[in-house]
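# Reading the structure
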Amino acid sequence: NAGVTQTPKFQVLKTGQSMTLQCAQDMNHEYMSWYRQDPGMGLRLIHYSVGAGITDQGEVPNGYNVSRSTTEDFPLRLLSAAPSQTSVYFCASRSAGTVLGYTFGSGTRLTVV
Amino acid sequence: DQQVKQNSPSLSVQEGRISILNCDYTNSMFDYFLWYKKYPAEGPTFLISISSIKDKNEDGRFTVFLNKSAKHLSLHIVPSQPGDSAVYFCAAIISNFGNEKLTFGTGTRLTIIP
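The paragraphs below set out a description of the structure included in this document. Computed from a prediction, not measured in an experiment: that's the story for all the values here.

### With respect to the overall build of chain A
- Each helix and strand counted, chain A has 0 helices and 11 strands in total.
- Reading the secondary structure of chain A in the N-to-C direction produces β-β-β-β-β-β-β-β-β-β-β.
- Expected size for 113 residues packed as a compact globule is a radius of gyration near 13 Å; at 13 Å, chain A falls within 12% of this value.
- Within chain A, the fraction of its 113 residues that count as buried is 49%.
- Within chain A, one finds 8 positive and 7 negative side-chain charges whose respective centroids are separated by 10 Å.

Here you go:
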């Protein structure tokens, strides 16, 4: 039981490049979310999904795109990377049966130069 | 606007003593509050939660207290152990269907001194 798996763990991008951060969970959780963590800012919600085929915006969605074609996977796409997107990104999932019990991945540290 | 605030960026406590981490919030619609613990290079892990209809929840060495009138909650760790050294995040949520906005505080770095 791997929980929530994020890849890659580290990435350096040049301004303007695009990339996809992968997130997969094997707990059959309906809800999945992406957060970014910045110094002094806590964790902020980027996008979330309450089930396959359903996504919605969080607090800081600009510059990011998501899709949810399967229950297991919730990739986060950076369309045109900017230095302001340098951050640590966390994916989280939970069962729809409880408001609690969020499980987080170990994070992707992204640097945009 | 910062709806969940942790005003102490860091806290040092001697091993065996009580650690008290504080959190304030502004949105009276929050109905669940959670504490997460985070080690470096790892994701946050869920520690303990409390419903807004309660004023205390206890789990082993960890107790969370909620004061709704003051919009304040605190996490008590007794006794503190070296493995408790981590960053602690307070978080809050409004639990209506489909709402996924878990609002986090900025974190408090707890250091336990042996």
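### Some words on the packing of aromatic side chains
- Here the structure, examined in full by the defined rule, presents 11 aromatic pairs over all chains.
- An angle of 85 degrees between the planes, with centres 6.3 Å apart, marks the rings of F89(B) and F104(B) as edge-to-face. Here F104(B) lies in strand β10 (residues 103-104) and F89(B) lies in strand β9 (residues 86-93), a separation of 15 residues in the sequence. The exposure classification of F89(B) matches that of F104(B), with both residues buried.
- Linked through ring pairs, Y35(A), F104(A), Y36(B), F46(B), F89(B) and F104(B) together constitute an aromatic cluster.
- Seen from the ring of F74(A), R68(A) lies directly overhead, with NZ or CZ sitting 6.0 Å from the centre.

### Observations regarding the interface of chain B and chain A
- Listed per partner, the contact involves 22 residues of chain B and 20 residues of chain A.
- Both sides together, the interface formed by chain B and chain A hides about 1,800 Å², and carbon and sulfur atoms give 65% of it.
- Summed over the shared surface of chain B and chain A, the number is 0 salt bridges.
- Joining chain B to chain A, the criterion identifies 1 residue pair in polar contact (both at pLDDT 80 or more).
- Elements supplying a minimum of two residues to the side of chain B that touches chain A: β4 (32-38), β5 (45-51) and β9 of chain B.

### Describing the nonpolar core
- Membership of the largest hydrophobic core comes to 23 residues, with the highest contact counts inside it found for F33(B), W35(B), L73(B), L75(B) and Y88(B).
- Looking at this core, the elements with two or more residues in it are β3 (19-25), β4, β5, β7 (62-67), β8 (72-77), β9 and β11 (108-113) of chain B.
- Not counting residues within four places of it along the chain, the set of residues in contact with L75(B) comprises S19(B), I20(B), L21(B), W35(B), L47(B), I48(B), F62(B), T63(B) and Y88(B).
- Counting residues in each nonpolar core, the second largest holds 20 residues, with Y31(A), V88(A), F89(B) and L102(B) among its members.

### A few points about a nonpolar patch on the surface
All names here are of chain B.
- A contiguous nonpolar patch, built from I18, I20 and V78 and spanning about 220 Å² of accessible area, is present on the exposed surface.
- When you line up the elements, I20 lands in strand β3.
- Taking the relative accessible area as the measure of exposure, I20 reaches 36% and is therefore partly exposed.

### A short note on the state of the cysteines
Residue and element names in this part refer to chain A.
- Scanning the entire structure with this criterion turns up 2 disulfides over all chains.
- Disulfide pairing places C23 opposite C91 at an S-S distance of 1.9 Å. With the S-S bond torsion at -75 degrees, the cross-link from C23 to C91 turns out left-handed. Within this pair, whereas C23 is found in strand β3 (residues 19-25), its partner C91 is found in strand β9 (residues 87-94), the two being separated by 68 residues in sequence.

The rules we used
Residues numbered from 1 in each chain as written. Chains lettered and ligands numbered in written order. Predicted model: local features only at pLDDT ≥ 70, side-chain atom pairs only at ≥ 80, totals over all residues. Heavy atoms only, no water. Helix = DSSP H or I, 4+ residues; strand = E, 2+ residues; numbered from the N terminus. Rg over C-alpha atoms; globule rule 2.2 N^0.38 Å. Buried < 20%, exposed > 50% of the residue type's maximum accessible area, 1.4 Å probe, protein only. Lys, Arg positive; Asp, Glu negative; His and termini not counted. Charge placed at Lys NZ, Arg CZ, Asp CG, Glu CD. Phe/Tyr/Trp six-rings, centres within 6.5 Å; stacked < 30°, edge-to-face > 60°. Lys NZ or Arg CZ within 6 Å of the ring centre and 35° of its normal. Contact = heavy atoms within 4.5 Å. Buried area = accessible area lost by both parts, 1.4 Å probe. Salt bridge = Lys/Arg side-chain N within 4 Å of Asp/Glu carboxyl O. Polar contact = N/O pair within 3.5 Å; in protein donor to acceptor, adjacent residues only side chain to side chain. Core = buried A, V, L, I, M, F, W, Y, C linked by side-chain atoms within 4.5 Å. Patch = residues over 30% accessible without salt bridge, like charges linked within 9 Å, V, L, I, M, F, W, Y side chains within 5 Å. Areas by Shrake-Rupley, 256 points an atom, 1.4 Å probe, with all protein chains shown as cover. Disulfide = S-S within 2.5 Å.

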